[in-house]
Amino acid sequence: MAIGNVLGYSSGSTDKWHEWFPALQTRACCEACANLKAAFLVAVIFLGFSTAVTMIFAKETPLNPEVAKQGEGEATGPLAVFKGLKNLPAGMPQVLIVTGLTWLSWFPFILFDTDWMGREIYHGRPDGSPAEIAAFQEGVRQGAFGLLLNSVLLGISSFMIEPMCRKLGARTVWIASQVLVCIAMALVAILGAWSLGDFGGNVQDAAATEKGLKTSALVLFVFLGLPFAVLCSVPFAMTAQLAASKGGGQGLCTGILNISIVTPQMIVAIGAGPWDELFGKGNIPAFALASVFAFASAVAGTIMLPKMSKSSFRSVSMGGGH
């Protein structure tokens, strides 16, 4: 995932695509349009390649006909998922609640990170004057570069997750990561407000201050790679352990876990715009609320998450084996 993110954000951190693929730039498609088009075409090629590899090399075990006959009449598809809610292993409902709160704290950053960099830090607008458009595009490119470095840290941090969980416990690692997210999201909101002059009465135009704000914003983007590595692994590992303790059902538990991820995504996607408009402060209110959700998830995790065996973190796989 980290490698894919590095490649993806690399495509967004450069404005040279139209030079490498000049045929994409036409009278109807400017430089920015050609850059975007080229980046998406490269993404299509990678997606097609990875799909082809999966179709050729991935092997599936056919369903046993006798098992299929025994399962006739049982709930299937989404109904099976909802039926499975009644048979979740002990501790799984608490994991779902904390997961939902955790992703509510992350999605404002995931959805609006580069827009925040372009608007609040670089004082640009995608629909403003030529100077404002250029500033916005530069901010988006710098945000993409920050996310590229974020992905590098994500990859490095991924090797640290297992040792940390075996030393401190998955529960403690998860809670600690959300405390870091709470602080980071609060700093994102503060930096945005400071850059727009909310603490000084006017836009901070001093060169030294502006450079410091941009550098600080970039550092925050990179730093969040560490807790993001926890987000992408520990909830799933805990889910696998809980399911294994019941003797199986990792597939169902992971599917239900996904519901507690996509539901916050829909909530943020639908509600962030009206929430920001209510305060008239761009992306800042969404990040401030993200900090609150991160704090809530850390508190909920402290109270609700089950204590897991440190020694079993390494031995249990998503298939329940050892």
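Quick notes on the rules
Numbering of residues starts from 1 in each chain and follows the order in which that chain's sequence is written. With pLDDT at 70 or above as the cut-off, local features in this predicted model cover only qualifying residues; side-chain atom pairs require 80 or more to be listed or tallied, and sums for whole chains, interfaces and linings still use all residues. Where side-chain values are given, they derive from all heavy atoms of the structure, hydrogens and water being excluded. UniProt positions are given in the numbering used here, feature names are shortened, and annotations may be inferred rather than shown by experiment. What counts as a helix is a DSSP run of H or I of at least four residues, what counts as a strand is a run of E of at least two, and both are numbered from the N terminus. A simple rule labels every residue: compare its accessible area, found with a 1.4 Å probe on the protein chains alone, to the largest value its type can have, and call it buried under 20%, exposed over 50%, or partly exposed in between. Throughout, a contact is declared for two residues whenever any of their heavy atoms are within 4.5 Å. The disulfide criterion is simple: two cysteine sulfur atoms within 2.5 Å. Note on ring pairs: Phe, Tyr and Trp rings are taken, using the six-membered ring of Trp, and paired if centres are within 6.5 Å. Classes follow the plane angle, with under 30 degrees stacked, over 60 edge-to-face and the rest tilted.

Labelled according to an unreviewed UniProt entry, the protein chain appears under the name Sucrose transport protein SUC3, originating from Aegilops tauschii subsp. strangulata. For the protein chain, the Subcellular location (unreviewed entry) comment in UniProt is given as "Cell membrane".

Moving on to the overall build of the protein chain. Check the secondary structure of the protein chain and you find 13 helices and zero strands. Starting at the N terminus and walking to the C terminus, you meet the elements of the protein chain as α-α-α-α-α-α-α-α-α-α-α-α-α. For the protein chain, with 322 residues in total, the buried portion stands at 38%. The contacts in the protein chain between residues at least 6 apart in sequence include a share of 78% that link residues at least 24 apart.

Attention now goes to the state of the cysteines. Applying the stated criterion across every chain, the model contains one disulfide. Disulfide pairing places Cys29 opposite Cys33 at an S-S distance of 2.0 Å. For the disulfide bridge between Cys29 and Cys33, the dihedral angle about the S-S bond is near -100°, and by the sign convention the bridge is left-handed. By relative accessible area, Cys29 is classed as buried at 3%. Here Cys30 is not disulfide-linked; the sulfur of Cys33 is the nearest cysteine sulfur, at 5.7 Å. A relative accessible area of 47% means that Cys30 is categorised as partly exposed.

Turning our attention to the side chain of Asn283. Tracing the chain through its elements places Asn283 in the loop between α12 (250-279) and α13 (284-304). A relative accessible area of 6% means that Asn283 is categorised as buried.

Another point: the packing of aromatic side chains. This structure, assessed with the given rule, holds six aromatic pairs. With a centroid separation of 6.2 Å and an interplanar angle of 80°, the aromatic rings of Trp106 and Phe109 are classed as edge-to-face. With a gap of three residues between them, Trp106 and Phe109 both fall in helix α6 (residues 92-121), about one helical turn apart. Like Trp106, the residue Phe109 is buried in the burial classification. Taken together through their ring pairs, the aromatic side chains of Trp106, Phe109, Trp116, Phe221, Phe228 and Phe287 make up a single cluster.

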